[in-house]
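Coordinates in review
Below are the chains, spelled out letter by letter.
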Amino acid sequence: MQMQDKLTDRQLSDEQSREIAETIREELARRRISRQTLAEQAKLSLSTLEKVLGGRRPFTLATTVRLEQALGVSLRKNPVVLAPQPASDVAPDSLGSYAHRAVTWLEDVYITLRPSFGDKDAIFAYRTEIVWEPKVSSLVFREGDRTDAAYEHTGEVAVPHQSGFIYLVIIKHGQHRVITVSRPTVAGEMYGIISTLRAGPGSQLTPIAAPIAYVPLRNIPQPSLGRVAPDDDNHALYRKHLRRTVDESFALFLTL
């Protein structure tokens, strides 16, 4: 039976946890890699790794095995040495179990459009890149060229077979931002809804939903980025894309 079939959440003893933490710290120093890198390779959160290495939480068998697979060494006394897991070209079940070769048509650089949350007449535009990330065996998206750079995000892309829609998801410190879009049109454009929080005065946050469009960069010869006002040359084109989200029923917005 493979080791993966024996994974449990059983906690290891305090003594075992201390020994494992010491071994991991030695391996990190010897290999000159960061805790963040190890957490990514083991598919653990950095917070979890910090807590077990700091003794604030005992190691579980499942966590230990993931770290053994990432490091390629035994962390416990007498078990079989495990080799690192080979890279996979299939996304996790939680993202749709899609193979890389089946979603290459999504890999592109897009101009992302949504209404400005602070100016009812303006359109907010920024760049989003969707690429395959071997470290996590899935598509990821990376935002850039936002005027509010502090809110640039990187997240996971789910492509479930059942719904026919694509989900761009960010989960950070328990907070969720979800974008649901259609599969690309013939021209490669995707339309849907963004559900997030709007920042207000001070620390005030308000849930908000709005239409959103992803237009391949190649479709816009000279894209405008940032807060695009009505007098901008691209404003009419951008508004047309956002209107298409509603006019062609890519998404519905209900009112009482």
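Attention in this report is confined to the structure presented alongside it.

**As for unusual backbone geometry**
Its identity is not glycine, yet Ser97 carries a phi of approximately 55 degrees, on the positive side. Relative to the helices and strands, Ser97 is located in the loop between α4 (61–71) and β1 (108–115). Residue Ser97 is classed as partly exposed on the basis of its relative accessible area, which comes to 33%.

**Some thoughts on helix α1 (residues 14–31)**
Here α1 is 18 residues long and its end C-alpha atoms lie 26 Å apart, about the 26 Å a rise of 1.5 Å per residue gives. The set of residues buried in α1 consists of Ser17, Ile20, Ala21, Ile24, Glu27 and Leu28. For α1, the angular spread of the buried residues around the axis is 125 degrees, confining them to a single face. Looking at α1, the residues exposed on the side facing more than 90 degrees away from the buried face are Arg18, Ala29 and Arg30. Taken together, the buried residues of α1 touch α2 (35–42), α3 (46–53) and α4. Arg32, located one to two residues past α1, shows a positive phi value of around 55 degrees.

**Side note on the nonpolar core**
Of all hydrophobic cores here, the largest spans 26 residues; its most connected members are Tyr98, Leu139, Val157 and Leu168. Where this core is concerned, the elements lending two or more residues are β2 (123–133), β3 (138–144), β4 (154–158), β5 (165–172), β6 (175–182), β7 (190–199) and β8 (205–216). Top contributing element to this core by residue count: β2, with 4 residues. Dropping the residues within four chain positions of it, Leu168 is found in contact with Ile130, Phe141, Glu156, Val157, Arg177, Val178, Ile179, Val181 and Tyr214.

**Details of the packing of α2 against α3**
Working note: a packed helix pair is described by the angle between its axes plus the distance between those axes. Taken N-terminus to C-terminus, the directions of α2 and α3 make an angle of 115 degrees; their axes are 9 Å apart at the nearest point. Comparing the axis directions of α2 and α3 gives the class roughly perpendicular. Considering how the two elements wind past one another, α2 and α3 form a crossing that is right-handed. Contacts from Arg35, Gln36, Leu38 and Ala39 of α2 reach α3 at Leu46, Leu49, Glu50 and Leu53. The residue makeup of the contact of α2 with α3, split by class, is 5 nonpolar, 1 polar and 2 charged.

**Digging into the pattern of salt bridges**
This structure, assessed with the given rule, holds 9 salt bridges. Put simply, Arg218 and Asp108 hold a salt bridge, and the shortest N to O gap is 2.4 Å. Of this pair, Arg218 sits in the loop between β8 and β9 (226–228) while Asp108 sits in strand β1, and the two are 110 residues apart along the sequence. Since its relative accessible area comes to 21%, Asp108 is described here as partly exposed. For Glu133, the salt bridge is made with Arg142, and the minimal N-O distance between the two is 3.0 Å. With a relative accessible area of 18%, Glu133 lands in the buried category. The partly exposed category is assigned to Arg142, whose relative accessible area is 30%. Connected through shared salt-bridge partners, Glu189, Arg244 and Glu248 make up one network.

Cut-offs used in this document
Residues numbered from 1 in each chain as written. Predicted model: local features only at pLDDT ≥ 70, side-chain atom pairs only at ≥ 80, totals over all residues. Heavy atoms only, no water. Helix = DSSP H or I, 4+ residues; strand = E, 2+ residues; numbered from the N terminus. Buried < 20%, exposed > 50% of the residue type's maximum accessible area, 1.4 Å probe, protein only. Expected span 1.5 Å × (residues − 1). Arc of directions from axis to C-beta. Contact = heavy atoms within 4.5 Å. Core = buried A, V, L, I, M, F, W, Y, C linked by side-chain atoms within 4.5 Å. Axes fitted to C-alpha atoms, helices over the stretch in contact; angles between N-to-C directions. Parallel < 35°, antiparallel > 145°, perpendicular 65-115°, else oblique. Left-handed = near helix turned anticlockwise from the far one by under 90°. Nonpolar A, V, L, I, M, F, W, Y, C, P; charged D, E, K, R; others polar. Salt bridge = Lys/Arg side-chain N within 4 Å of Asp/Glu carboxyl O.

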